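Residue strings, one per chain:
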Amino acid sequence: DPMTKAFFDHISTTPLDPRVFEAMRPYFLDRYGNPSSHIHDQGQAALRAVDQARAEVAALIGAKAGEIVFTSGATESNNLAVLGAAEGAGAGKRHVVVSEVEHFSVMNALIPLRNAGYEVTVLPVDRNGVVDPDAVRKALRADTALLSVMHANSEIGTIEPVGPIGRIAKEAGVTFHVDATASAGHIPVDVREIPADLVTLSAHNFYGPKGAGALYLREGTKVAPRTFGGFQEMGYRAGTENVPAVVGMGAAAILAGREMGAWAEHLSRLGKTLWDGLAAIPMLHYTGHPSERLPGHVSFWVEHVEGESLLLFLNMKGVMAASGSACSSNLRGHDEEDLVASPVLRAIGVPSDICTGSITFSLGKGNTADEVRLALDALPGIVERLRAMSPTYLDYQKRQVKGG
Ligand code: PMP
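Source: prediction; values computed, not measured.

A short note on the side chain of Asn 205
Alright, step 1. Within the element layout of this structure, Asn 205 appears in the loop between strand S7 (198–202) and strand S8 (213–217).
Alright, step 2. Of note is the side chain of Asn 205, whose polar atom sits 3.2 Å from the backbone oxygen of Ile 11.
Alright, step 3. Dropping the residues within four chain positions of it, Asn 205 is found in contact with Ile 11, Ser 12, Thr 14, Thr 181 and His 186.

A word on the site of the ligand
Alright, step 1. The immediate surroundings of the ligand are formed by Ile 11, Ala 74, Thr 75, Asn 78, His 103, Ser 105, Met 150, Ser 154, Asp 179, Thr 181, His 204 and Asn 205.
Alright, step 2. Between a nitrogen atom of the ligand and a side-chain N or O atom of Asp 179, the distance comes to 2.6 Å.
Alright, step 3. At three residues, the largest contribution of residues to the shell around the ligand is made by helix H3 (residues 74–88).
Alright, step 4. Taken together, the residues of the shell around the ligand break down into three nonpolar, eight polar and one charged.

Here we look at unusual backbone geometry
Alright, step 1. Of note, the phi angle at Met 234 is positive, near 55°, even though the residue is not glycine.
Alright, step 2. By the element assignment, Met 234 lies in the loop between S8 and helix H8 (243–278).
Alright, step 3. Not every positive phi belongs to a glycine, and Met 283 is a case in point at roughly 60°.
Alright, step 4. Tracing the backbone through its elements, the reader meets Met 283 in the loop between H8 and strand S9 (284–286).
Alright, step 5. We classify Met 283 as partly exposed; its relative accessible area is 22%.

Describing the side chain of Glu 160
Alright, step 1. By secondary structure assignment, the location of Glu 160 is in the loop between strand S5 (144–148) and helix H7 (162–172).
Alright, step 2. Polar side-chain contacts of Glu 160 include one of 2.8 Å to the backbone nitrogen of Val 131.
Alright, step 3. Sequence-distant contacts of Glu 160, defined by excluding residues within four places in its chain, comprise Val 101, Gly 129, Val 130, Val 131, Val 149, Met 150 and His 151.

Brief notes about the nonpolar core
Alright, step 1. The biggest cluster of nonpolar side chains holds 64 residues, and the ones touching the most others in it are Ile 61, Phe 70, Leu 147, Phe 176, Val 199, Leu 201 and Met 249.
Alright, step 2. Residue contributions to this core peak at 12 residues, all from H8.
Alright, step 3. Excluding residues that lie within four positions of it along the chain, Phe 176 makes contacts with Leu 147, Val 149, Val 162, Ile 165, Gly 166, Ala 169, Pro 195, Ala 196, Asp 197 and Leu 198.
Alright, step 4. In terms of nonpolar packing, the next biggest core, distinct from the first, is built from 29 residues, Leu 267, Ile 359, Ala 378 and Leu 379 among them.

With respect to the sheet that holds strand S4 (residues 119–123)
Alright, step 1. Sheet architecture is open: seven strands sit in the order S2-S8-S7-S6-S5-S3-S4, paired in mixed fashion. Of all the strands in the sheet, the pair left with one neighbour each is strand S2 (68–71) and S4. The sheet shows a mean angle of 20° between the axes of neighbouring strands, taken without regard to direction.
Alright, step 2. Here S2 runs beside S8; their pairing, made up of four bridges, is antiparallel. When the sheet's bridge partners are listed, Thr 71 is paired in S8 with Gly 213.
Alright, step 3. Against the sheet, helix H2 (residues 41–60) contacts S2, S7 and S8, and its axis sits at roughly 110° relative to S2.
Alright, step 4. Contacts between H7 and the sheet are confined to S5 and strand S6 (175–179), with S6 contributing the most and set at about 160° to the helix.

Things to note about H7
One full turn of an α-helix is made of 3.6 residues, so residues set three or four places apart face in the same direction.
Alright, step 1. Restricting attention to buried positions, one finds in H7 the residues Val 162, Gly 163, Ile 165, Gly 166, Ile 168 and Ala 169.
Alright, step 2. At its buried positions, H7 is contacted by helix H6 (133–139), S5 and S6.
Alright, step 3. One or two residues past the end of H7 sits Gly 173, with phi positive at roughly 70°.

Here we look at the packing of H8 against helix H11 (residues 369–389)
Alright, step 1. Two numbers describe how H8 lies on H11: the axes approach to 10 Å, and their chain directions differ by 15°. One element, H8, and the other, H11, form an angle in the roughly parallel class. The handedness of the crossing between H8 and H11 comes out as right-handed. For the pair H8 and H11, the contacting residues are Leu 270, Thr 273, Leu 274, Gly 277 and Leu 278 in the first and Ala 369, Val 372, Arg 373, Leu 376 and Leu 379 in the second.
Alright, step 2. Residues of the contact of H8 with H11, tallied by class, amount to seven nonpolar, two polar and one charged.

Basis of the calculations
- Residues numbered from 1 in each chain as written.
- Predicted model: local features only at pLDDT ≥ 70, side-chain atom pairs only at ≥ 80, totals over all residues.
- Heavy atoms only, no water.
- Helix = DSSP H or I, 4+ residues; strand = E, 2+ residues; numbered from the N terminus.
- Polar contact = N/O pair within 3.5 Å; in protein donor to acceptor, adjacent residues only side chain to side chain.
- Contact = heavy atoms within 4.5 Å.
- Near = heavy atom within 4 Å.
- Nonpolar A, V, L, I, M, F, W, Y, C, P; charged D, E, K, R; others polar.
- Buried < 20%, exposed > 50% of the residue type's maximum accessible area, 1.4 Å probe, protein only.
- Core = buried A, V, L, I, M, F, W, Y, C linked by side-chain atoms within 4.5 Å.
- Pairing = 2+ DSSP bridges.
- Axes fitted to C-alpha atoms, helices over the stretch in contact; angles between N-to-C directions.
- Parallel < 35°, antiparallel > 145°, perpendicular 65-115°, else oblique.
- Left-handed = near helix turned anticlockwise from the far one by under 90°.

What follows is the structure in structure tokens.
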């Protein structure tokens, strides 16, 4: 039963808060109206619920309700932001700038842009995964339609300097998109402080339901729609809203706004126990920024240990964590046939000659100290066992012996 296990993969999704579920329940059953058909009471109730959720999500990030467009989730929001802003920028602006560590839902949205003749500049990151604001300054041009830099990286936890980067974009007059999927609801995201024009949010990453996301559009930002149909969501996103999920996103936003400080404290405390315990494992390398990182996000790789094997063994011990999709077969259209490290790991300089994987423990508000202890008790034995089976480790040992 997965419920008896210690879940440390909150970056992939979070459990629904039962209070959010209660807020959603009536919209599955009694209140089934369509917000666009509001001449009658059922439609009115749905419209009011969606409008209220819009105000609640806006409040989480210091925005106005009219600046929130509901979507199906982060992927759709990122697609709308990247493709919509590129098209919305108008003729003559056919250059887009992104960081090297963006999520696939930003990176792969660039494919149709490249095919349409847009030029893409990909900004490198340093060994902690941080984008250099000076590099942003140098990359922006008169014909740049869009800059997209994420707030926090889900794989390595690093928080990007989106404030300074946004001020540079603003000076240059370039539309700035921030993917805040991993950060919103966990650390403050405030559009009065971050000069972003577009911000991606996802409900299931902060204890809300799957199937609801939002794109914040600062007043005056030009974005062309990606879906065509009715006039829902101010014309940016046609189609009947997923009313229960939207209501859930609003409820989750209220809770996050109230409670994220307490959650972060709890996560940081548990995270520290985990960091401290990991120090006992030899040849373990932390990834991401040592301090500018998401609370309760612990990521690392271990020399001579294949990440996915480690995760399988952990799962057998009742501990669920994730890998940064290292050693995945090559999905990104490179020519090499061999296994490749994740793009993010490669970007921060993790050697890709040995098949490693970064392990990500992303803690949640429901995790306990006992669960962290379970992970720490299991890890050293698993690492030892996998290392003993690793051909690269045997080579390493032979070299050590020869070298005296
Ligand atoms: N952006 C980031 C930073 C993510 O980590 C993810 C995945 N959780 C996404 C976008 C896409 O989210 P989803 O699959 O929920 O659409």
